[in-house]
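Listed below, chain by chain, are the residues.
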Amino acid sequence: IMNDQDSVIRRIQAPYSKGMNRISWDLKYPPTGLVRPQSIEKQWKSKSSGYLVAPGSYKAVIVQKSQLGVEQLTEPVTFRVKPLYPGALEQISYNEVASYWRKSENLQREMFAFQEALRDVEGTLEAYDLAYFRSQAENAEVYNNILALRREIKEMSRQVNGYSTKNEIGAVNPPTLSQRFWKSQNLLGNNTYGPSDTQREQFELAQAQFDLLNNRLKEIVEVELPQLDKSMQKMGAPAIKGQRNPK
C-alpha cells in the first residue's frame, strides 16, 4: 500500500493458493513493536496493526517476494479512503491528526528499542558483577563503578515503568514515561478527531523525558561500558559476551 507520494506505508502478506484469492487492508499502518529474532514465525502470523491512516488517496500494487528478490506483478490501483460520516465533535485537519500519529509512532518505536537496550545493559552489569568475583585482582573503584551503574540503570527503569513493588499492589507511582506516553495516546488509534490539549502536553513531557534517558543510556553503552571492560581486562576478569572485541 502506498500513499499519494508513492511511499510504501504497509505491506500485507497475501495468500498464494490456486484460484481466486481475496485480501483486505485494515486502513492502518504497521505495528511499531520490537521484532524479536527468537519468535519470528509467531510475529509473521501476527495480525497486530498501528495507527489509522488519514482519509485521502492511496495506491495498491501486488509484488512477489522470493529468493531472487522483489518483482512487481501489477500496475498500481488508486483508491480513496473516506470518513464514514461526519463526527459530532469539531474536527481538526486530517493532516494535523496524521502528523501527530506519525510522531507518536516514532516515539513508540524508539521507546520499545530503548527498553530492550535497558534490559540488555542491566543484564550486562549483572554479568560484570560475576566477572569481578571471578577476577584475579581487587579494585574497589571498579567495583563501586559497577554498583553505581547498576543503581542508575534500575532508577532509569523505574522512571520508565515505575516501582515494581508498587505496581504489584496497585499503589500510586510517580508519573512515569510509559504513563505519560499512553495518556497522550488514549483512544487516538481508532478515531480521526485528533489529540486534546492535555494529550499534546503529555506527549511533549514524554518526549522530553525520553530524550534525557535515551541520551544517558547511549553514553553508558558507548563510553562507560567499554571503559569498564578495559579495567576488567587489566584485572584478569572473564570476558562478557558482546562486550570484548576479538584480538
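Our subject is the structure listed above.
Below or above, wherever it landed, is the structure these notes cover. (Residues numbered from 1 in each chain as written. Predicted model: local features only at pLDDT ≥ 70, side-chain atom pairs only at ≥ 80, totals over all residues. Heavy atoms only, no water.)

Examining the packing of helix α2 (residues 94-133) against helix α3 (residues 140-161)
Orientation of α2 relative to α3, taken along the N-to-C sense of each, is 155°, at an axis distance of 10 Å. As far as their axial angle goes, α3 and α2 are roughly antiparallel. The handedness of the crossing between α2 and α3 comes out as left-handed. On α3, the residues touching Phe114, Gln115, Leu118, Val121, Glu122, Leu125, Glu126, Tyr128, Asp129 and Tyr132 of α2 are Ala140, Val142, Tyr143, Ile146, Leu149, Arg150, Ile153, Lys154, Met156, Ser157, Val160 and Asn161. (Axes fitted to C-alpha atoms, helices over the stretch in contact; angles between N-to-C directions. Helix = DSSP H or I, 4+ residues; strand = E, 2+ residues; numbered from the N terminus. Parallel < 35°, antiparallel > 145°, perpendicular 65-115°, else oblique. Left-handed = near helix turned anticlockwise from the far one by under 90°. Contact = heavy atoms within 4.5 Å.)

A few points about the nonpolar core
If you look at the biggest cluster of nonpolar residues, it comprises 44 residues, and the most contacted ones within it are Phe114, Leu125, Tyr128, Ile153, Met156, Leu228 and Met232. Where this core is concerned, the elements lending two or more residues are α2, α3, α5 (177-185) and α6 (197-234). Residue contributions to this core peak at 13 residues, all from α2. In this structure, Leu228 is in contact with Leu125, Tyr128, Val142, Asn145, Ile146 and Leu149, ignoring residues within four places of it in sequence. (Core = buried A, V, L, I, M, F, W, Y, C linked by side-chain atoms within 4.5 Å. Buried < 20%, exposed > 50% of the residue type's maximum accessible area, 1.4 Å probe, protein only.)

Considerations on α3
An α-helical turn contains 3.6 residues, so any two residues separated by three or four positions project in the same direction. For α3, with 22 residues, the first-to-last C-alpha span of 32 Å sits near the 32 Å given by 1.5 Å per residue. Where α3 is concerned, the buried positions are Val142, Ile146, Leu149, Ile153, Met156 and Val160. The arc that holds every buried residue of α3, seen down its axis, measures 90°, which confines them to one face. Across α3 from its buried face, at more than 90 degrees, point the exposed residues Glu141 and Arg151. On its buried side, α3 packs onto α2, α5 and α6. (Expected span 1.5 Å × (residues − 1). Arc of directions from axis to C-beta.)

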